[in-house]
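# Examining the three-dimensional arrangement
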Amino acid sequence: MPELIVENLQVSFPTWRGDVTVVNRVGFEMRTERLGIVGESGSGKSLTARAILGLIRKPGRVTADRMTFDGTDLAGLDEKRWRSIRGCRIGMIMQDPKYSLNPVKRVKDQIAEVAMLHDCVDRKQVHLRVLEMLAEVGVEDPIRVANCYPHQLSGGLGQRVMIVAMLINSPDLLIADEPTSALDVMVRGQVLQMMDREIQRRGMGLILISHDLNTVARYCDRVLIMYKGRIVETCRADRLFEAQHPYTRGLLACLPSAATRGQRLSVLDRAAIEAEAC
Amino acid sequence: MTTLRTWLNDEAPASAWQARCGSYYRGLDRALRSPMTLFGIAAVLLMILVAIVAPWLAGIDPNVQDFTCRLSPPSSAHWLGTDQLGRDLWSRLIYGTRPTLLIVLLVAWLSAPMGLVVGICAGYFGGWINTVFMRVTDIFMALPRLVLALMFVAVMGPGIINAVIAITVTAWPPYARLARTETLAIRNSDFLHAARVAGIPTWRILVGQVLPLCLPSTVIRVTLDMAGVILTAAGLGFLGLGAQPPLAEWGAMVSTGRLYIFDQWWVAAVPGAAILFGSLAFNLLGDGLRDVLDPKHA
Amino acid sequence: MGDALLKVEGLEVFYTRGRQRFQAVRDVAFEVGAGETFGLIGGSGCGKSTILLVLSGLDAQWRGAVTLGDQMRRDGEKAKAAYSSQVQMVFQDPYGSLHPRHTIDRTLSEPLKVHGVQDVEQRVLEVLEQVGLDRRFRFRYPHQLSGGQRQRVAIARALLRNPKLVLLDEPTSALDASVQAEILNLLLDLKRELGTTYLLVSHDLGVISHMCDRVAVMQQGQIVETLSEENLKQATCTHPYTADLLRNSLYV
């Protein structure tokens, strides 16, 4: 996978109280690895991903010292050049397939559209490819699912469809923004395992954004922890539970489990974290 | 003045009354910040003011006919010219605010609540209530306004009030449809479930929880419809069913002015411009009202 | 744990969609002791939220018997005032369970006014304090509050009339981890203070293990197994579906 380099990324929005910086000096590099970004809501993790894909519209402002993918500068691209990157070299799946899929088009047409936008291939061939890939991602009845409308699919099937749509052009990088938060706990594991398998098989990179530390620890190689727009800690996924930063330790400590039964859970001491972070 | 403003803007109001005043104050403040809304409010207030002080503002009797200067263009004697019977258009314009505003406000006042009640009940209760109410709505929507108005006149005689009733009877169905749609959208919301679990009776839920959420779209729709109401009233007036001559009513003035539009364009253009101005004012007011009613637009 | 506060026997719930009849809950029976925290866990569509709808009096098409204290309801009977006053519910979505156009004060005082409570203002201030919200939140609107604060208001609303049983429908699944911890702490504190019985529905095994004394595992409308405190600690079970659930939950 070609290298993605982000240096000093800042995203800000103007408000009547002045500019609010929601992503502050974020920087990282990645190749063929699975990178996790963890944080609470409002930490800026989703906006970081959207900034990388140029999805932040005015009046939001995106600046970066460097933001390149395979040598191409992502910061100054026009819409035409973006189209050759989005869906083709970098794919993105979001939280709720109900909202990411067009409700009035059949699944097979939507996926075919993504494929044909980038590769002028014959429609029949594309449809065959769609069925093939649906089977690969674990859909039991690909023909039935391909002919469905999005509202007829369960959450898990919907996300599998999204993954097929994003993988059909064999991109180099997949960004998954809370891909399983809207899913049932039983289905969650299946979808994540399937995604992991596909990514490893194709030698792709993955940026997995989540608020769930356990998910990220299990499915990523490296983890970035974000708090209020900044990266407060970077560590290897298998060392996540030995993290040092008070915020990460705080997040780990506030998880409920059988071991904490009947006791008060520790709550983040935000004052201490602010002091440490700044 | 500063103490009043501080009291209104207090972060921690001590009573519900203070909180409500503060909320309206902030809503008004927001509405007034938009130049469009400001224009709308000012224009509506102007029309109402003109209607009230008409006798003093007009100067000339609107019904005095002078065949020597019929269809004369604007001049120093007649600021906006005269119509086909030699009546001063400026004066008729001023006096015309009264019946026009009366018809528009009465129709809005009567048709919107009717539509809201039918729509909210149909949407909330569903089942046979929904079926019956919606079929009744469909029937009324299918009735042509003028035919119905003719029926009314045959039974009750011509006049403004009867025209208002005739228009109301055909104006309420769209509001019912709108209210039903909005109600259906929120029917399964958790806050309504929570209200039921808390033991709040159904009528209170409908009035206190469902109605406030249906109001913004209804307000916008009402203001959009006002221009149409004026023209319908004009049509009725033309058929002799609404404002009876010699009453100065803008719609009726446009109807009679049509005959002279090529050579004496001002006879129709003057009341036409007034209708345009009035509709625009109500539309902008409606937009501003919607912002005031929605606390989220803060 | 005292005697059974809530007894559910032979509960069956069905929905009709057009001409199709769909059974959401089949022959479910369980008991919840006074002061206990009882959990219901399962995948989506297993019927756990449907049971809460029946218990709270919101759902009508059901068969079976529900006994709360000394009030019994049979076969779709509507809940009488004596029943409803003993049970309250906290909903999942803090963004959806408060009316967007009502101030917090109105949301909290309306149920009190409707039931003829005397000193409404005092009670509202009392519950706000109990859930840890400052009185300056009283006249704010929901959109001015964070998710955690809204959920506190929802809990305050549930406590207004001192119910014996509080139904919690995934109360923290829409919240961040640290906010979830605060709310769970609040629920524990309230339980210790007021001795309320909780019936907690969640898909999150961590939350269930932390809060509940016993858990019923549901699949396709039926209870397949009930886990005790020991089971939860040791993560042991007998039914294959439960084993699957435990495996899929990354907390084990």
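First things first, this report covers the structure right here in the doc. (Residues numbered from 1 in each chain as written. Chains lettered and ligands numbered in written order. Predicted model: local features only at pLDDT ≥ 70, side-chain atom pairs only at ≥ 80, totals over all residues.)

### Things to note about the overall build of chain B
A count of helices and strands for chain B gives 13 helices and zero strands. Listing each helix as α and each strand as β along chain B from the N terminus yields α-α-α-α-α-α-α-α-α-α-α-α-α. Counted over contacts in chain B with a minimum sequence separation of 6, partners at least 24 positions apart contribute 68%. (Helix = DSSP H or I, 4+ residues; strand = E, 2+ residues; numbered from the N terminus. Contact = placed C-beta atoms within 7 Å.)

### Considering the sheet that holds strand β3 (residues 37–42) of chain C
Residues and elements named next belong to chain C. Taken in spatial order, the six strands line up as β6-β7-β8-β3-β9-β10 in an open sheet, and their pairing is mixed. The open sheet has two edge strands with one neighbour each: β6 (87–90) and β10 (222–227). Each strand axis lies, on average, 20 degrees off the axis of its neighbour in the sheet, ignoring direction. Of the strand pairs in this sheet, strand β9 (residues 214–219) and β10 are connected by five bridges, and their pairing is antiparallel. Across the sheet, A216 pairs through a bridge with T226, a residue of β10. Sitting on the sheet, helix α9 (residues 240–248) is in contact with β9 and β10, with an inclination near 105 degrees to β9. (Pairing = 2+ DSSP bridges. Axes fitted to C-alpha atoms, helices over the stretch in contact; angles between N-to-C directions.)

### Structural notes on the pairing of β6(C)
Residue and element names in this part refer to chain C. The two faces of β6 match: V87 and M89 on one face and Q88 and V90 on the other face are all buried. Sheet topology note: the β6/strand β7 (residues 165–169) ladder contains four bridges and is parallel. Directly across from V87, in β7, lies its bridge partner L165. (Buried ≥ 20, exposed ≤ 12 C-beta atoms within 10 Å, placed from the backbone.)

### Description of the interface of chain B and chain C
Bring the parts together and some accessible area is lost; that lost area is often taken as the interface size. Taken together, the contacts link 22 residues of chain B with 26 residues of chain C. Those elements that provide at least two residues to the side of chain B that touches chain C are α2 (16–33), α10 (190–197) and α11 (202–238) of chain B. Per element, the largest residue contribution to the side of chain B that touches chain C is six residues, and it comes from α10(B).

### Considerations on the nonpolar core
A:I111, A:V164 and C:L167 are the most contacted members of the largest nonpolar core, which totals 158 residues. By residue number, the principal contributor to this core is helix α7 (residues 155–167) of chain A, which donates eight residues. Contacts of A:V164, omitting those with residues within four sequence positions, involve A:I111, A:V130, A:M133, A:L134 and A:V137. If you look at the next biggest cluster of nonpolar residues, it comprises 61 residues, including B:A179, B:L206, B:L284 and B:L285. (Core = buried A, V, L, I, M, F, W, Y, C linked by C-beta atoms within 7 Å.)

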